[in-house]
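# Observations on the model geometry
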Amino acid sequence: MINLLEGVRVVETASFVMGPIAGRILADWGAEVIKIEPAVVDSMNPSTADGDRIRGTGIARGVVNGDPCCYEFVNGNKKSVAINTMTPEGRKIQQKLCASADIVISHLRPGDAKKLGIDYDTLSKLHPGIIVASTSGYGHAGADANRGGFDAVAYASRSGMAQDCTADGTPFIPFFGYGDVPSGTYFALAILAAYIKKLRTGEGEEVTSSLYGCAIWTAGVPIMTAPYGDPYPTPREGVFPTSKMYRCADGKYIFLMGLIWENTIVDLCKIMDLPKDAPKRWPNFFAASANTKEITALLEEQFALHDRDYWVEKLSSTRIPFDVVASFKDVQKDPQAWDAGFLKKASDEFSEGYDTGIPMPPAQFRNAGTPEVKIVRAGENTREELKKIGYTDEQIDKLRAKKLASEGDQFKSDRFNIAKPGTVYNQLYTAMGMFKNDK
């Protein structure tokens, strides 16, 4: 495992994706990240039974074999403490855990955090120098500060992305985590900046970040250029001829980014049947731009003559930046993604039998170590972490008896396997007529 943040203790009281993605990055880079999840109970109700509800999110995405793929991605390499924070005793445990941390990550509104006693003002009195980081939909000031927000609305919709990044301007439905993942990544950066300051001065910090603010940052270029008439959605015919996609004979696409026109046109003439005087007819970027329509038509004709594999081989011999236009399913089968360490399989017993690659944080380090990915059952670390903050085994047993805390052995790893007769979700979905056991 990577040792960059070895010795840093993080307590995460966030669910869903944005805050937990920040925790995942810190965990992958060596921090001890303790995730607080709801206590596991023996229930047929998916909303209350399974720890963090994101453990079962795969069901909503058509994953019926029980692979905890969404949880693995968002919460890999974390510890899990499962307690019932809806009770006074559970809230007291949560506060003690938070006060034991160097960094606290939450997704609570300021008023709610204060009621629970895990806001910055309260925790900094218990632990001077603590960093308390919280996420929101729309920021902590302004008329919409108290609105809840998921990334589909606060990030994709409010920022213009959902409408202005489609071919005809019809809003698209964002994929799961569309804005949460980049926002959580920015959030981790802010947390680490505060931690560096703490190392230098001993001073703690309150860090806040929002989905809407992260979306404006991500879409910074179009948000600044659109008022000047820059059209969005960007029309294909208005784009430089060698900086767009082309359809090949097999219906698959290649995307060119040949912006150094003088090199690009010479190289294209070597692998395509283009006019021999093309480099002289269109000698520079401005001449090519003025004749985009004519050049685009010539390239469309050429790409349509052969399948994509042919053009990949030909373009690989040139100086032109290009790539295939892939699908999400293609990425799991891409050797480059695996060889470069961008995807890894989980190395824990809980994930045994699942071959889906888990995306890794997009940075690598030469000397810090090699990352792995492990996940745990809900509450697997409850006992060890509560003992660290002063609870005895007897007290923990009482909490468990009162269903205020749970441990990993109470979580059935096949609970989300709809395809397996007898599991909770198989029974639920079969009873509702949503799943047939003979399929």
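Before going into details, it helps to say that this report is about the structure given with it. (Residues numbered from 1 in each chain as written. Predicted model: local features only at pLDDT ≥ 70, side-chain atom pairs only at ≥ 80, totals over all residues. Heavy atoms only, no water.)

Here K198 shows up in helix α9 (residues 180–201). By relative accessible area, K198 is classed as buried at 15%. (Helix = DSSP H or I, 4+ residues; strand = E, 2+ residues; numbered from the N terminus. Buried < 20%, exposed > 50% of the residue type's maximum accessible area, 1.4 Å probe, protein only.)

So, on to the side chain of T318. Relative to the assigned elements, T318 resides in the loop between α16 (308–315) and β9 (322–324). Classification of T318 as buried rests on a relative accessible area of 16%. There is a polar contact of 2.7 Å between the side chain of T318 and the backbone oxygen of L315. Here the side chain of T318 touches I320 through a polar contact of 3.2 Å, landing on its backbone nitrogen. Setting aside its immediate chain neighbours within four residues, T318 contacts D267 and I271. (Polar contact = N/O pair within 3.5 Å; in protein donor to acceptor, adjacent residues only side chain to side chain. Contact = heavy atoms within 4.5 Å.)

A few words on the layout of surface pockets. In this structure, the largest pocket occupies an estimated 1500 Å³ of space. Forming the boundary of the largest pocket are 43 residues, of which F73, Q332, L343, G357 and P359 lie nearest the centre. For the lining of the largest pocket, the element with the most residues is helix α3 (residues 69–75), which contributes five residues. Contributing to the lining of the second largest pocket are 43 residues, with T13, S15, F16, H107 and L108 lying nearest its centre. At the level of elements, α1 (18–28), β2 (32–37), α5 (110–116) and β5 (131–136) are the ones that each hand at least two residues to the lining of the second largest pocket. Here the lining of the second largest pocket takes three residues from α5, the largest share from any one element. Broken down by class, the residue content of the lining of the second largest pocket amounts to 17 nonpolar, 17 polar and nine charged. (1 Å grid on protein atoms, 1.4 Å probe; cavity = no way out; pocket = protein on both sides within 12 Å on 5 of 7 lines; lining within 4 Å. Points joined across faces, edges and corners; volume = space filled by probe spheres on them. Nonpolar A, V, L, I, M, F, W, Y, C, P; charged D, E, K, R; others polar.)

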